[in-house]
Amino acid sequence: MSRSSGGVSIGAALVVALVAICLILGIVGLTFDEFTYYGNDDNKISTSFESYSDTVKSLHDNEIEDDSLMSPMVAFAYLSVVASALVFVLAILGLFFRGRFFSIIIGIVGVLTIVVGVVFLVLCLKFCEEGSVNILWATIKSQMGVGAILLSAGVLGAGVFGASRLFARS
């Protein structure tokens, strides 16, 4: 990869910028009001991630056992953002600490971030499938909202860009 005049790899700087964008996407996904929704495009009832998080916290505080996929979904959503932030921090450190070993560390954390992102995506899809309701002749479907999609895209993107450091020359 080319080096700029300051000795920083342009490829490494590009990875930092792309991981930062993906991290921002993930954080925005958590704060977006439409994390999941019921209904169709005409009639939506949205649920925010904050309400899921508050529900899980309240269940935990009252020692109520939750047998739905809500608790693991919330846990992996938080874990996804933390993993993306870790890739971002390691990518920034990779600008200053060059070497094949550090690129391998960033790449491994990127692969683990992809795994966490895929687990979150599967849990969220299963949670939405579990939340669909059949009423008489109609089915009210629960679907991933914009927030969940942004979080998934951000986490998977950060993981892919972090894992790309495995293929970079030191």
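Residues numbered from 1 in each chain as written. Predicted model: local features only at pLDDT ≥ 70, side-chain atom pairs only at ≥ 80, totals over all residues. Heavy atoms only, no water.

## Some details on the pattern of salt bridges
Convention followed: For this document, the term salt bridge refers to a Lys or Arg side-chain nitrogen within 4 Å of an Asp or Glu carboxyl oxygen. Per the convention used, a helix needs a DSSP run of H or I reaching at least four residues, while a strand needs a run of E reaching at least two, with both numbered from the N terminus.
For the coordinates displayed, the defined rule picks out one salt bridge. Glu129 is paired through a salt bridge with Lys126; the nearest N and O atoms lie 3.9 Å apart. A residue pair is termed a helical-turn pair when its members lie 3 or 4 positions apart in one helix, as Glu129 and Lys126 do in helix α4 (residues 100-131) at three residues.

## Describing the nonpolar core
Keep this limit in mind: Buried Ala, Val, Leu, Ile, Met, Phe, Trp, Tyr and Cys residues that are joined via side-chain atoms within 4.5 Å together make up what is termed a nonpolar core. Each residue is assigned to one of three classes by its accessible area relative to the maximum for its type, calculated with a 1.4 Å probe on protein chains only: buried under 20%, partly exposed between the two thresholds, exposed over 50%. It only takes one pair of heavy atoms within 4.5 Å for two residues to be counted as in contact.
Grouped together as the largest cluster of nonpolar side chains are 20 residues, with contacts concentrated most on Leu30, Phe35, Tyr52, Met73, Phe120 and Leu151. Secondary structure elements with two or more residues in this core: α1 (10-31), α2 (49-61), α3 (70-96), α4 and α5 (146-163). Among all residues touching Tyr52, those that are not within four sequence positions of it are Phe35, Thr36, Thr47, Met70, Met73, Val74 and Phe127. Core analysis: the second largest hydrophobic core is formed by 13 residues, Val16, Leu95, Phe102 and Ile106 among them.

## Looking at the confidence of the model for the protein
Here is the rule: Values of pLDDT, the confidence the predictor places in each residue, fall between 0 and 100.
Across the protein, pLDDT averages 85, with 89% of residues at or above 70. Here strand β3 (residues 133-135) stands out as the least confident element of the protein, with mean pLDDT 69; α5 is the most confident, with 93.

## Overview of the side chain of Thr113
Residue placement: Thr113 occurs in helix α4. Thr113 has contacts with Ala83, Ser84, Val87, Val155 and Gly159, leaving out every residue within four places of it along the chain.

## Side note on a nonpolar patch on the surface
The cut-off we apply is this: Each patch is built from residues lacking any salt bridge and having more than 30% relative accessible area; the joining distance is 9 Å for like charges and 5 Å for nonpolar side chains (Val, Leu, Ile, Met, Phe, Trp, Tyr). Note on areas: Shrake-Rupley, 1.4 Å probe, and residue coverage restricted to the protein chains presented here.
Taken together, the side chains of Ile24, Val28, Phe32 and Val146 present a nonpolar region at the surface, about 310 Å² in accessible area. Here Val146 lies in helix α5.

## Details of the packing of α1 against α5
To be explicit about the condition: Axes here refer to lines fitted to C-alpha atoms; in helices the fit is confined to the stretch in contact. Angles between the N-to-C directions go from 0 to 180 degrees. Reported orientations rely on four angle classes, namely roughly parallel under 35 degrees, roughly antiparallel over 145, roughly perpendicular from 65 to 115, and oblique for the rest. Put simply, a crossing is left-handed when the front helix is turned counterclockwise from the back one by less than a right angle, and right-handed when it is turned clockwise.
The interhelical angle for the contact between α1 and α5, taken along N-to-C directions, is 160 degrees, at an axis separation of 7 Å. Compared by their axis directions, α1 and α5 come out roughly antiparallel. Here α1 runs over α5; the crossing is left-handed. Across the interface between the two elements, Val15, Leu18, Val19, Cys22, Leu25, Gly26, Val28, Gly29 and Leu30 from α1 touch Gly147, Leu150, Leu151, Gly154, Gly157, Ala158, Phe161 and Gly162 from α5.

## Regarding the packing of α1 against α3
The test is simple: Residue type decides the class: Asp, Glu, Lys and Arg count as charged, Ala, Val, Leu, Ile, Met, Phe, Trp, Tyr, Cys and Pro as nonpolar, and the leftover types, Gly among them, as polar.
Remark: α1 packs on α3, axes separated minimally by 9 Å, with the N-to-C direction vectors making an angle of 160 degrees. Accordingly, the angle class assigned to the pair α1 and α3 is roughly antiparallel. Considering how the two elements wind past one another, α1 and α3 form a crossing that is left-handed. Contact residues: α1 offers Ala12, Ala13, Val15, Val16, Val19, Ala20, Leu23, Gly26, Ile27 and Leu30, while α3 offers Ala77, Val81, Ser84, Ala85, Val87, Phe88, Ala91, Ile92 and Leu95. Of the residues that constitute the contact of α1 with α3, the class distribution is 17 nonpolar, two polar and no charged.

## Considering α1
Our working rule: The span you would expect from a helix comes to 1.5 Å times its residue count less one. To obtain the arc, one takes the directions from the helix axis to the C-beta atoms.
Helix length check: α1, at 22 residues, gives a terminal C-alpha distance of 32 Å against a target of 32 Å (1.5 Å per residue), a fit within 8%. For α1, the set of buried residues is Gly11, Ala12, Val15, Val16, Val19, Cys22, Leu23, Gly26, Gly29 and Leu30. The buried residues of α1 all sit within an arc of 145 degrees when viewed along its axis, so they share a single face. Residues Leu14, Ile24 and Thr31 are exposed on α1 and point more than 90 degrees away from its buried face.

## Here we look at the environment of Val74
One can find Val74 in helix α3. Residues Val74 and Thr55, spaced 19 residues apart in sequence, show a C-alpha to C-alpha distance of 9.9 Å. In contact with Val74, not counting residues within four places along its chain, are Phe49, Tyr52, Ser53 and Val56.

## Thoughts on α5
Look at α5: 25 Å from first C-alpha to last across 18 residues, which is about the 26 Å you get at 1.5 Å a residue. Turning to α5, its buried residues are Gly147, Ala148, Leu151, Ser152, Gly154, Val155, Gly157, Ala158, Gly159, Gly162 and Ala163. Among the structural elements, α1, α3, α4 and β5 (142-144) are those in contact with the buried residues of α5.

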